[in-house]
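Survey of secondary and tertiary structure
Chain residues, written in single-letter form:
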Amino acid sequence: MQTAWPSAARPSSIRTPPMAAARSRLRIRPFGLADAPAVEPWLAAPGLQVPPGPRGRGWAARVVAAANSAAIVAEIDGRPVGFLRLSIGPDDVGELTLAVAPAARRRGVGSRLLAAAIDKARGRGLRALDAAVDAANTPALAFFAAHGFEAQRSVGGHDLLRRLVHDAADAEPLDIG
């Protein structure tokens, strides 16, 4: 027989860590226009900004309407805490935009969004995922490296990172020598 521990009375050795609790309440769903006001401030980070003026207006409507992309939101307790856009190019490579609310960083939100994007990419038969990251954004570079992305080249202050996503991407290379 298992005993249910009331949260306050649960021994500290078996309390749910705050990060695990947040992950357990995390839900991934499609991005909608109503999410734009919450997401837009996160896109103010270097390399992610919504263009100013007329080019920037209507960005969310363009994301929702684009036939070659998919966008998702991570939410905790009904509040958006992360955003990911996967844009699919004609070369069977997806380009990622990933942003997490500052208060939700280092809680597994980005990892969950990226896992969903990798699943989507594999389902669509994509070869790889690319992310262009501001070269000074050390936390983002470390995040993508920890998730199997490798630097390809640097252009205009951004590092282009790539991760293979086809089914054999994680397999050991064959020795044909």
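Quick look at the structure, then.

**Quick word on the sheet that holds strand E7 (residues 158-164)**
Read from one edge to the other, the open sheet built from seven strands follows the order E1-E2-E3-E4-E5-E7-E6, with strand pairing classed as mixed. The open sheet has two free edges, formed respectively by strand E1 (26-30) and strand E6 (150-155), since each of these has just one partner strand. Averaged over all pairs of adjacent strands, the angle between strand axes in this sheet comes to 25°, irrespective of strand direction. Of the pairings in the sheet, the one linking strand E2 (residues 69-76) to strand E3 (residues 79-88) comprises eight bridges and is antiparallel in character. Residue Ile76 lies in a different strand from E3, and its bridge partner there is Arg79. Packing of helix H5 (residues 138-146) onto the sheet brings it into contact with strand E4 (93-100), strand E5 (128-134) and E7, and relative to E5 it is tilted by some 160°.

**Quick notes on the packing of aromatic side chains**
In the structure shown here, the tally under the stated rule is five aromatic pairs. Seen in terms of ring centroids, Phe31 and Phe83 are 5.1 Å apart; in terms of plane orientation they differ by 70°. Their pairing is edge-to-face. Of this pair, Phe31 sits in the loop between E1 and helix H2 (36-39) while Phe83 sits in strand E3, placing them 52 residues apart in sequence. Using a relative accessible area of 2% as the deciding quantity, one classes Phe83 as buried. Between Phe144 and Phe149 the ring centres are 4.9 Å apart and the planes differ by 75°, which places this aromatic pair in the edge-to-face class. Relative accessible area serves as the criterion here: at 7%, Phe144 is assigned to the buried category. Assessed through its relative accessible area of 5%, Phe149 is described here as buried. Here the aromatic residues Phe31, Trp59 and Phe83 are joined through ring pairs into a cluster of three or more.

The rules behind each value
- Residue numbers here run from 1 along each chain, matching the order of that chain's written sequence.
- Owing to the predicted nature of the model, reporting of local features is limited to residues with pLDDT of at least 70; listing and counting of side-chain atom pairs is limited to 80 or more, with chain, interface and lining totals taken over all residues.
- For the side-chain quantities, the full set of heavy atoms in the structure was used; hydrogens and water were omitted.
- Between any two strands, at least two bridges found by DSSP are needed for them to pair.
- Strands are runs of DSSP state E lasting at least 2 residues, helices are runs of H or I lasting at least 4, and numbering of each runs from the N terminus.
- Here, axes are lines fitted to C-alpha atoms. For helices the fit covers the stretch in contact, and angles between N-to-C directions go from 0 to 180 degrees.
- We call two residues in contact whenever any of their non-hydrogen atoms come within 4.5 Å of each other.
- Side-chain rings of Phe, Tyr and Trp, where Trp is taken by its six-membered ring, are said to pair if the distance between their centres is within 6.5 Å; with planes under 30 degrees apart they count as stacked, over 60 as edge-to-face, and otherwise as tilted.
- Here the term buried applies to any residue with accessible area under 20% of the maximum for its type, exposed to any over 50%, and partly exposed to those in between, with areas from a 1.4 Å probe on protein chains only.

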